[in-house]
Amino acid sequence: MDSKNQTVLKDFILMGLSNNPRVQLFLFIFFFLVYSTTLTGNVFLIILTRIIRELHSPMYMFICNLSLLDISIPSVTVPKMLVCLLSERCHISYNGCFTQLYFYHLSGCAECFLLSIMGYDRYVAICHPLRYPQIMSKKACISLASSCWITGVLYSFVHTILTVRLSFCHSREVNHFFCDMPPLLKLSCTDTSLNEIVILFLGGLVAGASFLLTVISYIYIISTILKIRSAHGRKKAFSTCAAHLTVVSIFYATIIIMYLRPQSSHSLEHDKMLSVFHNVITPMLNPFIYSLRNKDVKDSIQKLFRKKMIGQNK
Ligand SMILES: *[C@@H]1O[C@H](CO)[C@@H](O)[C@H](O)[C@H]1NC(C)=O
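Every value quoted in this text rests on a predicted model; they were computed, and no experiment measured them.

Engineer: A description of the confidence of the model for the protein chain should follow, citing residues and the corresponding values.
Structural biologist: When pLDDT is averaged along the protein chain, the result is 87; 93% of the residues meet or exceed 70. Looking at the elements of the protein chain, mean pLDDT is at its lowest for helix 1 (residues 2–10), recorded as 58, and at its highest for helix 6 (residues 138–164), recorded as 95.

Engineer: Just give me the short version of the packing of aromatic side chains, but keep the residues and values in it.
Structural biologist: According to the stated counting rule, one finds 14 aromatic pairs in the structure shown. Ring geometry for Phe-26 versus Phe-30: centroids 6.3 Å apart, planes at 10°, classification stacked. Taken together, the residues span about one helical turn, with Phe-26 and Phe-30 both in helix 2 (residues 21–51) at a distance of 4 residues. For Phe-30, a relative accessible area of 33% gives the class partly exposed. Where Phe-251 meets Tyr-252, the ring centres are 5.2 Å apart and the plane angle is 85°; that geometry is what we call edge-to-face. The same class applies to Phe-251 as to Tyr-252, namely buried. What links up through ring pairs into an aromatic cluster is the set Phe-12, Tyr-94, Phe-98 and Phe-168.

Engineer: So, the UniProt feature "transmembrane region" (unreviewed entry) in the protein chain: which residues are in play, and what are the values?
Structural biologist: Following the UniProt record, one finds the feature "transmembrane region" (unreviewed entry) at residues 25–48, 60–82, 102–120, 140–158, 197–221, 242–261 and 273–292. The span residues 273–292 carries 100% helix and 0% strand; its end-to-end C-alpha distance comes to 27 Å.

Engineer: Can you explain the site of the ligand? Please cite residues and give values.
Structural biologist: For the ligand, the full set of nearby residues is Arg-50, Met-61, Cys-64, Asn-65, Leu-68, Cys-141, Ile-142 and Ala-145. In this structure, an oxygen atom belonging to the ligand sits 3.0 Å away from a side-chain N or O atom of Arg-50. Note that an oxygen atom of the ligand is positioned 2.3 Å from one of the side-chain N or O atoms of Asn-65. Across the complex, the protein chains shield 77% of the 360 Å² of accessible surface that the ligand would expose by itself. Elements supplying a minimum of two residues to the shell around the ligand: helix 3 (58–85) and helix 6. Among the elements that line the shell around the ligand, the one with the most residues is helix 3, at 4 residues. Of the residues contributing to the shell around the ligand, the split by class is 6 nonpolar, 1 polar and 1 charged.

Engineer: So what's going on with the sheet that holds strand 2 (residues 90–92)? Which residues, and what values?
Structural biologist: Overall, mixed pairing links the 3 strands, which are arranged 2-1-3 in an open sheet. Because the sheet does not close on itself, it has two edges, and the strands there are strand 2 and strand 3 (173–174). Sheet topology note: the strand 1 (residues 12–14)/strand 2 ladder contains 3 bridges and is antiparallel. Looking at strand 2, one finds that Phe-12 is bridged to Ile-92. With respect to the sheet, helix 4 (residues 94–127) is in contact with strand 1 and strand 2, its orientation differing from that of strand 2 by roughly 80°.

Engineer: Describe the packing of helix 3 against helix 4, naming the residues involved and giving the relevant values.
Structural biologist: For the pair helix 3 and helix 4, the least separation of the axes is 9 Å and the interaxial angle reads 160°. Comparing their axes, helix 4 and helix 3 come out roughly antiparallel. Crossing angle aside, the handedness with which helix 3 passes helix 4 is left-handed. Looking at the contact of helix 3 with helix 4 residue by residue, the class counts come to 15 nonpolar, 6 polar and 5 charged.

Engineer: So what about the state of the cysteines? Which residues, and what values?
Structural biologist: In this structure the tally under the stated criterion is 3 disulfides. A sulfur-sulfur distance of 1.8 Å marks the disulfide that ties Cys-84 to Cys-90. A residue is classified by how much of its surface remains accessible, and Cys-90, at 5% relative accessible area, is buried. The disulfide partner of Cys-97 is Cys-179, and the S-S distance across this bridge is 2.0 Å.

Engineer: If you had to explain the pattern of salt bridges to someone new, which residues and values would you point to?
Structural biologist: Applying the stated criterion across every chain, the model contains 2 salt bridges. Note that Arg-89 and Glu-173 form a salt bridge whose closest N and O atoms lie 3.7 Å from each other. Residue Arg-89 is found in the loop between helix 3 and strand 2, and its partner Glu-173 is found in strand 3; the two are separated by 84 residues along the sequence. Classification of Glu-173 by relative accessible area gives partly exposed; the value is 33%.

Engineer: An account of the packing of helix 6 against helix 8 (residues 193–227) is needed here, citing residue identities and associated values.
Structural biologist: One way to put it is that helix 6 packs onto helix 8 with a least axis distance of 10 Å and a crossing angle of 170°. Considering the angle they form, helix 6 stands roughly antiparallel to helix 8. When helix 6 is examined against helix 8, the residues Tyr-155, Val-158, His-159, Leu-162 and Thr-163 are found in contact with a partner set consisting of Leu-194, Asn-195, Val-198, Ile-199, Leu-202, Gly-203 and Val-206. Taken together, the residues of the contact of helix 6 with helix 8 break down into 8 nonpolar, 4 polar and no charged.

Analysis parameters
- Residues numbered from 1 in each chain as written.
- Predicted model: local features only at pLDDT ≥ 70, side-chain atom pairs only at ≥ 80, totals over all residues.
- Heavy atoms only, no water.
- pLDDT = per-residue confidence, 0-100.
- Helix = DSSP H or I, 4+ residues; strand = E, 2+ residues; numbered from the N terminus.
- Phe/Tyr/Trp six-rings, centres within 6.5 Å; stacked < 30°, edge-to-face > 60°.
- Buried < 20%, exposed > 50% of the residue type's maximum accessible area, 1.4 Å probe, protein only.
- UniProt positions renumbered as here; feature names shortened; annotations may be inferred.
- Near = heavy atom within 4 Å.
- Polar contact = N/O pair within 3.5 Å; in protein donor to acceptor, adjacent residues only side chain to side chain.
- Areas by Shrake-Rupley, 256 points an atom, 1.4 Å probe, with all protein chains shown as cover.
- Nonpolar A, V, L, I, M, F, W, Y, C, P; charged D, E, K, R; others polar.
- Pairing = 2+ DSSP bridges.
- Contact = heavy atoms within 4.5 Å.
- Axes fitted to C-alpha atoms, helices over the stretch in contact; angles between N-to-C directions.
- Parallel < 35°, antiparallel > 145°, perpendicular 65-115°, else oblique.
- Left-handed = near helix turned anticlockwise from the far one by under 90°.
- Disulfide = S-S within 2.5 Å.
- Salt bridge = Lys/Arg side-chain N within 4 Å of Asp/Glu carboxyl O.

As structure tokens, this is what we get:
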């Protein structure tokens, strides 16, 4: 019995988004629908890029990786949140809390770099179309994609190790809907200045480097597109990067609003809302942006259904 009591003492309590039962019910339905749509959309896009031969280009392999990340990011936070919205008090075990922290930052960092690599892919496709197959060889793509995942693993490892060493002695109520670093640091009774420096430095490095890479790619892309003589050619070149540009803009806009606001306007409630947008809504939007605005994907879907109908008529 003693050991059971001790584990309960080590648990954290997630305060969630609201403690009003009506709001909780509404949020439950809302997040359930959003999460189901996210899973369906991204799984559909992964399957589509796997089975359609026309979609076996590097760009779609990267989109496939992005879909995998868009499944994993909300999967770290949303299922637990759904359970919590239906229960009165939301306990999360010590290990559960740090598992969330680890996988959340792993996927976040990998997504950051993946988006800039996708920008680089568009840069090569538009600015060096003849050398594209050579530069984006299968081997190069695999090393580019795996470098994203490896950076994510290392980045998250550093943050998790630094957060695990903290002790929590006063309250264990995490004012968030999942275990993230800022609310955990607030609870700690250890000196957290090292954590804060590392968050600022490493987080800034990852976000800054990938943002810079993306911006540089787009400066080259746009200047190349502007040099194209025919309006039709210009439009065609632009359409191949429009979806990526949309996804990247949403991604960095939320990050910039989240972190580059004046300190005085920071409130935990605002942060939670932005966090919901970043972690729950964006992963749902990405597959739609990529499939609805993309002619290749639309054509493939049509072809798939046509094939099926012909198959049935036989
Ligand atoms: C990720 O991208 C790499 C390189 O293009 C590809 O080989 C791999 O199959 C992709 N993985 C997934 C799960 O989409």
